[in-house]
Structures are given as structure tokens and as C-alpha cells.
Amino acid sequence: MNKVWLVATREYMENARTKTFWISLLAFPILITASGFFSVWLGRSESERKFVIVDDGSGLAPALRARLEFAPDPRYREVLVEGGDAGSLIQVAQADVAADRLFAFVTLPADLLTTGTARYVSKNLTDRDLLDWLRRHLEAEVHERRLSGAGLDPTNVRKLLAPVQLGSDRVTSDGTIAKVEKKDTARQWLPVAFVYILWFAVFLTSQMLLNSTIEEKSNRLMEVLLASISPRQIMKGKILGIALTGLTVLGAWVLYFFIALKALPLILGKSLPVDFGGLVADPLYLTSFLFYFVCGYSMIAAITAGIGSLCSTAKEAQGLYMPLTMVLVVPLMTMAAIGKDPNSTLAKILSMIPIYTPFVMMNRAAGPPEVWEYVVSTIIMVGATLLAFRMAARLFQLGVLMTGKPPKLGEIWKLLRTTNTKA
Amino acid sequence: MSLSLRLEGVSKRFADHLAVDRLDLEIPSGIVVGFLGPNGAGKTTTIRMIMSIYTPDSGTLSVLGEPNALLVKDRLGYLPEEKGLYRKMRAVEVVAYFGRLKGMTAPAAKAAAKALLERLELGHVLEKKCEALSKGMQQKVQVAATLVHDPEFVILDEPFSGLDPVNAELLRGVIRDLKAKRKTVMFSTHVMEHAEQLCDHVVLINRGKKVLDGSLASVRQSRGLSVHLDYDGDSRVLQGLPGVARLNDAGKTAELALLDGADPQAILSALVGRIAIRKFDLREPSLHEIFVREVGGKTHE
């Protein structure tokens, strides 16, 4: 068997035995599932909120009640309070709110129709759901009364004041009009989600590689390995093995996502508003996601392996890794802007910078970019990746047996330029 | 006689430090060679050049008849001075893994790993993770990883450092086994006793240059005679004796290197009555004495 492959499988097996691997494999699905169930459970367990309507001479209470009953909300229930004048009712209600027997009460004053002002009293004013619900129905009633008072037919007026829609169409690059559906809005924003996952996947896998390289160095294993295989083979094997680890985790996530999509409608008892499954399974997204993961990871992994080989401790590596992290933050910062305008000049320029290509092209998938952009950016990226591999292999050769302080960035550059002689 | 190793005028410079200076060396196949020298003499650099980990700046080199060790990697066994193990792997797995890196099939590597670890008295920890093993055990696992593929030519860099006497004896046994199987073994050390007990041939280098090269017997015979003394008493008595070129005094034992034509009887009579002599032995000098003499290190004044 090929020695690179041997190194890769060992690397994979070793990672597969770590807790971190299983945590990242399972944590994400468990976390998502748990938070979903938790919020549903929280929603259900929330106790019914009681409120009181005090009609202080407006005469609108019965009509408001009729409206509330017509469109009930299971979370809220009106409590009827008998007898007494409005003033004493308010006092009782206020005491009940204070003692948590009531969530809120509303007072409808006599001049409600002219001033358009009522009062809502509660301890909790941050949760405005009940307030909004009551306000909406009260407003509808007040409007209807005012219209009737002015001798207008409310049904007619509603018809006249029907809202205006601004329909949106998307014109594609070949000049045809594509109908915009709900799905398309999701399509527009889906790449952003993908970029996010892509970025984290690439970043976390590179960190794994960095740690594994440093460990092999600090364990004094390199020289033992060098007696059997070349530094280039070690590097390739490590990069490949960790790529497979990363792909396993990603694969598990995608699989989980599809299972969840199938299971969710069964659990909720209704179909999802947007066909995410169909969208995600769109070959444009899934294939480019995998392709860009491989490309993005390969390039960054090569740089990471080069850096890792020069360092003896994780702390030293963090120092050298810092500039790379800073450079890599750019696609995260431009993510939203590019998602909004996938064919902007910024997007086009960033697409051609090899280290950003995977993220930005993924980001622009909804555009979509023109074919030549795909071709040219891919060629530049693959070329840059091959170059990164060659430079990293050279650094690796020099670095793996180095002990003591790692060189500074400037010195690394000098090393790369002066040492072409190695086998 | 075939040669396992030949170096001709090999040099290596690091920045402003000349680590190895025009070194010539010929190692015949099937013998055990001690590669001696003080710290910083250039032993590890030389070994790394032999293993093609470093490229020589000048000179030529041939390992098992090939100009580059990479071409015969699978026939070589190399135990570096700085060695480690995969902490999370089981002992037998690590050894088998290195066997596979040398081109063995998975079942063959596993079987060889098991047999070798048992030979090294590690049969009871085959399935233990390396991190759970003691330092001495780990070092034996490393030796097993070096030998698992039954190499023709074995290079061990400081294999005895860190081993207790029992494990050191075990390793000497392994080296004798290799010799019995007509393998070539080259090991570096600065413990002269190990070299004396094992080597057919010794090479001594200092400051990158070869100082001594020959069979153990010829090297020792060509260096005059020494009095090997076991004694009790005041060691100051040993100083300033007639005909003694140099004194290596260890407190209870001492070696007195004699000048040419010196009279051992005169020395004996000078000592009698002043210290209690348990042994007085006249023979060729120890390797330790030769080492100290050639390297020009400190002697007891």
C-alpha cells in the first residue's frame, strides 16, 4: 500500500479515537435537536396568561370580546370580573396584577373613539405579545366604529384601502425572467449559511492539522518517520488523513440534516414552509460546497502544515498562525454584503484572490457568477494551492527537525527563497 | 568483503559551524561498529547524512551499495537519538505501523511486531497504549520499531541512554543476536563499556574529524599499556608516580596509563604499604582511557 495512504489512515484512526472527534460529530446534531425540543417544550409549558378588560365608559368591551373570541389565542384567557364601578375594578385588577394572579389588564376610557388611547397595565412590559394582540383587535374595532360614524361602509373602505403589492422578478444573465417564489428568498440566503459552515469546517480542520503536526514534532517522532518516508509523504498523508476526518464530520452533519428534514414534518404534523431539503440537495450547492471545502482546506492545510512544522509548542504556533487567522476573517466580514449583492465589484475581486475563492464563490452561488468566473477563479485557486503545497513541503523538510524558537515571518520568507537544493 | 557503508570526504556545515569535516569511513558488512565521540563531535550529523535526512555539502556516500539511503530505506533500521512514539497507539500497533511503512504486509508486520516485543520482554504490554508504558519500556518499543522489518544494516543513535542495567543487558543481547544473523550494526555511544563489550570495530570522531578507526583489538594494542588498579585508601598517593603518563582515578578503581618503557614493578612498590591494593593488573588500556587521551579532554592531575 502507498505510504501516503498509510500515514493518512493512521492519522484518521487516531483522530477517530479522540473525544473531540465524537463531540464534534454528535454535538452539533444533539445541540440543534435539543434546542428545538427545548423551545417547543418551553412554549407549551408556559402557563396561561390571564387578563381583565375594564370598560370605563367606552362601551366597546363586548365588541372587543367578540373579536377576541373569534380569533382566540390559547396562550391568553380573559377573566370576567363582576360588579362594582370601573374605579374599584381597576383597583382590584391592579392588586391582582401585583400579586401575580393576573398578567395584565386593559382599561377602555369613555373617549377611546376620539382620542384613540387605551391603557394596558402589567408587571412585564418586555413581553409585548399580549399587548400587541389586544391592540390589534381594539384598533380594528375602533376603526370600524369611526367609519360607521362617518357614514361609510367599513367593508367597502377595507376594499378601497387594500394594500399594494410590489411584485419582484429576477432577471437572469441570459435575459429571461425567473419567477420569484418564497423558495428564491431562501435560495438567496442559503449560500451565506453554507459559507459559515464552510469557514468553520476549514478552520477547525486546519487547527486539527496544526495540533497533530506539533504533537508529532514535540513527540520526537519525525526523525523516526523520516527513516521510512520522505517529509513530503508525511505532509501529504497528514493533510489527507485530516481531510477525511473533516469530511466524515461534515458528512454526518449533512446526513443528520436530511434525516431531520424528513422527520420534522412528521413530528410537527405539517409540512415545512420552504422546501429546504430540495434546496440543499440542489447539486449547485452540495457539489460546490464539497468542492470548495476540499480546495479551501487543501490550501489552508498546506500553509498550516508548513507553519506547524516550524513550531515546537502550541503557543509558538498561535503566534505564527495569527496573521493567517486575520486574513481569513475577511470572508466572514463580507459574507452578508456579498450575499445581498453577489455580483458586486467587491465580490468579483475577492473571488479571484485564491485564499478567498472557496468562501466567496460559495457566497455568490445565488448570483450565480458567470461561467468564466468559475473557470478562472478555479484555475487560479488550484495553481495557488499547488504552489502552497510546494512551499509548505520545503518548509516542512526544513522545519520538522528544527528545535528551539521558530523563525519569524521574514526569516521564513528567506528560508523559502534560499533553499532549493533539498532532495 | 562487501561494504555496508562507505563515506569519502563527507562534510557538512551549519551556518558558521563545521559539524563534519572531510570524514572517510568504511564499514564492512556483518560487524558491530561503535561510533564514539564526545558531545557535539558530529555523530548525529554524520548519521543523519547516512540516512539522507541531511544532504552532505561535499563528499560521496554509499549505503548498501547505493548513493542514497532513500533507495534502500526498507533494508535499513534507524533509531534516532531523539525518538518518540504515538502516545495513543498500542505498543504492538506502533511497531507494526513502522513495519508497514517499511513495506511489510499488515499480517506480517503484526506477527513480527509481536515476536520482537516478546523477545524484548514486553509480551505483557502488547495491547497497552504507549503513554501507559514506563520510559524504559517505551525505549524498547522504539528499538522494536527499528528492527521489526529485519533490516540488513541497523544504525542506533545513543541506544543505551536512559536504560537501566537490566534493559541495557537486554539490548546488548539484541545486538549480539543481530551479529549472529550477520547483520551490520552501527551504534553511537559515549559509554565506553558498552562499546568494549559489543564492538568488533570502533570509530572515534572529535570536532567533526576522525581520530581513530580500527578493530577494537588493534586499537587497544597499539596504545601501550595501563595498570588497572582496585584499591582502598588515600587517592592522593596515586599522584606523581614514576612512568605514569596519565591517571584516571574513580576513587575505588584507577587506570594508570604508562609511558613507553615504564616499569610497573616500580609503581607497585611505590604503592605497597601506602594503600590497600586489591587488584593490580597490567594490560592494554581501556577504551575510556583511549577516548580521554584522543579527545584531549580533562585528566586527573
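Residues numbered from 1 in each chain as written. Chains lettered and ligands numbered in written order. Predicted model: local features only at pLDDT ≥ 70, side-chain atom pairs only at ≥ 80, totals over all residues. Heavy atoms only, no water.

A. Spotlight on the sheet that holds strand β6 (residues 153-157) of chain B. All names here are of chain B. What the six strands build is an open sheet, ordered β5-β6-β7-β3-β8-β9; its pairing is mixed. The open sheet is flanked by β5 (76-79) and β9 (209-215), the only strands paired with a single partner. If you compare each strand with its neighbour and ignore which way they point, the axes differ by 15° on average. Pairing geometry for β5 and β6, over four bridges, is parallel. From the neighbouring strand, L79 faces β6, where its bridge partner is L156. Where helix α4 (residues 135-147) meets the sheet, its contacts fall on β5 and β6, and the angle it forms with β5 comes to roughly 160°. (Pairing = 2+ DSSP bridges. Helix = DSSP H or I, 4+ residues; strand = E, 2+ residues; numbered from the N terminus. Axes fitted to C-alpha atoms, helices over the stretch in contact; angles between N-to-C directions. Contact = heavy atoms within 4.5 Å.)

B. Representation of the packing of aromatic side chains in the model. By the definition in use, this model includes 13 aromatic pairs over all chains. Seen in terms of ring centroids, F293 of chain A and Y297 of chain A are 5.9 Å apart; in terms of plane orientation they differ by 15°. Their pairing is stacked. One end of the pair is F293 of chain A and the other is Y297 of chain A, both in helix α12 (residues 283-310) and four residues apart, which spans about a single turn. Judged by relative accessible area, which is 2%, Y297 of chain A ranks as buried. Summarising the aromatic geometry, the rings of Y86 of chain B and Y97 of chain B are spaced 6.0 Å apart at their centres and angled 75° between planes, so their arrangement reads as edge-to-face. Within this pair, whereas Y86 of chain B is found in the loop between β5 and α2 (91-101), its partner Y97 of chain B is found in helix α2, the two being separated by eleven residues in sequence. What makes Y86 of chain B buried here is its relative accessible area of 4%. Ring pairing ties together the aromatic residues Y196, W199, F200, F203 and Y321 of chain A, which thus form one cluster. (Phe/Tyr/Trp six-rings, centres within 6.5 Å; stacked < 30°, edge-to-face > 60°. Buried < 20%, exposed > 50% of the residue type's maximum accessible area, 1.4 Å probe, protein only.)

C. Representation of helix α3 (residues 106-119) of chain B within the structure. All names here are of chain B. Look at α3: 20 Å from first C-alpha to last across 14 residues, which is about the 20 Å you get at 1.5 Å a residue. Along α3, the positions that sit buried rather than exposed are A109, A113, L116 and L117. Axial view of α3: buried residues confined to an arc of 95°, hence all on one face. Residues of α3 that are buried sit in contact with α2 and α4. Where α3 ends, the next residue or the one after it, E121, has phi of about 60°, a positive value. (Expected span 1.5 Å × (residues − 1). Arc of directions from axis to C-beta.)

D. Structural detail: helix α1 (residues 43-50) of chain B. Counting buried positions along α1 of chain B gives seven out of eight residues, so the element sits mostly inside the fold. Just beyond α1 of chain B, the residue with positive phi is S52 of chain B, at close to 60°.

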